[in-house]
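The lines below spell out each chain.
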Amino acid sequence: DGEGAPMAVILSDAFTGTNGDAWNASNWTTRVEGATGSATIQTNRGRLNPLTGAYTKVIALAAPASGTVDDFDVTFSWADGTTGEQYLDWYYRVTTNVATGIPASCFLVSVDHSGDQVLICSIDSGGTLSTGVTVFTAGLNDTARHWMRVRVVGTQHKVKWWNDGSGEPGTWQIDETDPDAGGWTTGRVLLAQTNGASGTSRNADFDDFSLDDLITTDPAP
């Protein structure tokens, strides 16, 4: 399942800087969908802040030197600024709407704050989400800091999350084979924060981001 595959860090970010600075342009290209918003440094964390608007989204396109990412292992921490309907979205193997529009032809891990759920699914080229797999009562409907780790090797997709300070769990809460047969094997990776239906602006602060490329080829003898 690739658990023993060697890793090489291809993008890391501790989001250090002066409050109000933009995210490091060498690591990220940021944009908004639906209205105005921002991606700034706040107390040495990276804040995604979609401003007022129903389902307004701020998207950060990761910019590893390799561009596209096939198999990977990503970890990051985050804390939502307020309670209420909002979504943390991790898109990967994106091949449609990479630079503009809502990402499509890809897979998605989404944290539904108010529903206290984590969803993994595929998104077709028209932007329609598949049924996917949802974990309920995820323990993420608060403003505490949490961690997430996503590991994808071939068609195996694994996700785990835990409270800051509690230590990473030894098991994966989600372990699925190619959710709804999406079939994408490579593409870009994007991080996003999305408002709920009310349009209330709800930000999230990210930190400790590390994206590792999983090298699955056998080394030369």
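For the structure, see preceding data.
Residues numbered from 1 in each chain as written. Predicted model: local features only at pLDDT ≥ 70, side-chain atom pairs only at ≥ 80, totals over all residues. Heavy atoms only, no water.

It is not clear to me how the side chain of Asp13 should be interpreted in this structure. Could you clarify?
Considering the arrangement of structural elements, one finds Asp13 in strand E1 (residues 7–13). Side-chain polar atoms of Asp13 contact the side chain of Asn27, separated by 3.0 Å. (Helix = DSSP H or I, 4+ residues; strand = E, 2+ residues; numbered from the N terminus. Polar contact = N/O pair within 3.5 Å; in protein donor to acceptor, adjacent residues only side chain to side chain.)

How do you make sense of the sheet that holds strand E2 (residues 28–33) when you look at a structure like this?
Strand pairing in a sheet relies on backbone hydrogen bonds, with the paired strands running either antiparallel or parallel. Spatial ordering of the open sheet is given by E2-E5-E14-E7-E8-E9-E10, a layout of 7 strands whose pairing is antiparallel. Edge positions in the sheet fall to E2 and strand E10 (133–135), since each has one partner strand and no second. Adjacent strand axes in the sheet meet at a mean angle of 15°, parallel and antiparallel pairs treated alike. As judged from the 5 bridges shared by strand E5 (residues 57–62) and strand E14 (residues 188–195), these two strands associate in the antiparallel manner. Bridge assignment links Val58 to a residue of E14, and that residue is Gln193. (Pairing = 2+ DSSP bridges. Axes fitted to C-alpha atoms, helices over the stretch in contact; angles between N-to-C directions.)

Please clarify how the environment of Ser110 should be interpreted in this entry.
Topologically, Ser110 is positioned in strand E8 (residues 106–112). In this structure, the C-alpha to C-alpha distance between Ser110 and Asp175, residues 65 residues apart in sequence, is 15 Å. If we ignore the near neighbours within four places in the chain, the residues touching Ser110 are Tyr87, Leu88, Asp89, Gln117, Val118 and Leu119. Engagement of the side chain of Ser110 in a polar contact is seen with the side chain of Asp89, the distance being 2.7 Å. (Contact = heavy atoms within 4.5 Å.)

Would you mind going over the layout of surface pockets with me for this structure?
Empty space among the atoms becomes apparent when a probe as large as a water molecule is rolled across them. Size it by volume and the largest pocket reaches roughly 290 Å³. Along its surface, the largest pocket is lined by 17 residues, and Lys57, Asp89, Tyr91, Leu108 and Leu129 are the ones closest to its centre. Mapped by element, the contributors of at least two residues to the lining of the largest pocket are strand E7 (86–94), E8 and strand E9 (117–123). The element that contributes the greatest number of residues to the lining of the largest pocket is E9, accounting for 4 residues. Considering only residue class, the lining of the largest pocket consists of 10 nonpolar, 4 polar and 3 charged. (1 Å grid on protein atoms, 1.4 Å probe; cavity = no way out; pocket = protein on both sides within 12 Å on 5 of 7 lines; lining within 4 Å. Points joined across faces, edges and corners; volume = space filled by probe spheres on them. Nonpolar A, V, L, I, M, F, W, Y, C, P; charged D, E, K, R; others polar.)

I tried to follow the nonpolar core on my own but got confused; where do I start?
As a rule of thumb, soluble globular proteins bury nonpolar side chains together. Of all hydrophobic cores here, the largest spans 38 residues; its most connected members are Trp23, Trp90, Met148 and Phe206. Ignoring sequence-local partners within four residues, the contact set of Phe206 consists of Phe15, Trp23, Arg45, Gly46, Leu48, Phe76, Ser77, Trp78, Leu88, Arg145 and Leu191. Val94, Leu108, Leu119 and Ala192 belong to the second-largest nonpolar core, a separate cluster that totals 13 residues. (Core = buried A, V, L, I, M, F, W, Y, C linked by side-chain atoms within 4.5 Å. Buried < 20%, exposed > 50% of the residue type's maximum accessible area, 1.4 Å probe, protein only.)

It is not clear to me how unusual backbone geometry should be interpreted in this structure. Could you clarify?
A negative phi angle is the norm for most residues apart from glycine, just as the trans form is the norm for most peptide bonds. For Tyr55, which is not glycine, the phi dihedral falls at a positive 60°. As for its placement among the helices and strands, Tyr55 is situated in the loop between strand E4 (45–50) and E5. Located in the positive-phi region is Asp180, a residue other than glycine, with phi close to 55°.

Got a minute to help me understand the pattern of salt bridges in this structure?
One pass over the structure, following the stated rule, counts 9 salt bridges. Across the pair Glu33 and Arg31 runs a salt bridge, and its minimum N-O distance is 3.0 Å. On the accessibility criterion, Arg31 (13% relative accessible area) is buried. Across the pair Arg149 and Asp73 runs a salt bridge, and its minimum N-O distance is 2.8 Å. With Arg149 in strand E11 (residues 146–153) and Asp73 in strand E6 (residues 72–80), this residue pair connects regions lying 76 residues apart in the sequence. Both residues of the pair, Arg149 and Asp73, count as buried. In this structure, a network of salt bridges that share partners links the residues Asp73, Arg149, Arg151, Lys160 and Glu168. (Salt bridge = Lys/Arg side-chain N within 4 Å of Asp/Glu carboxyl O.)

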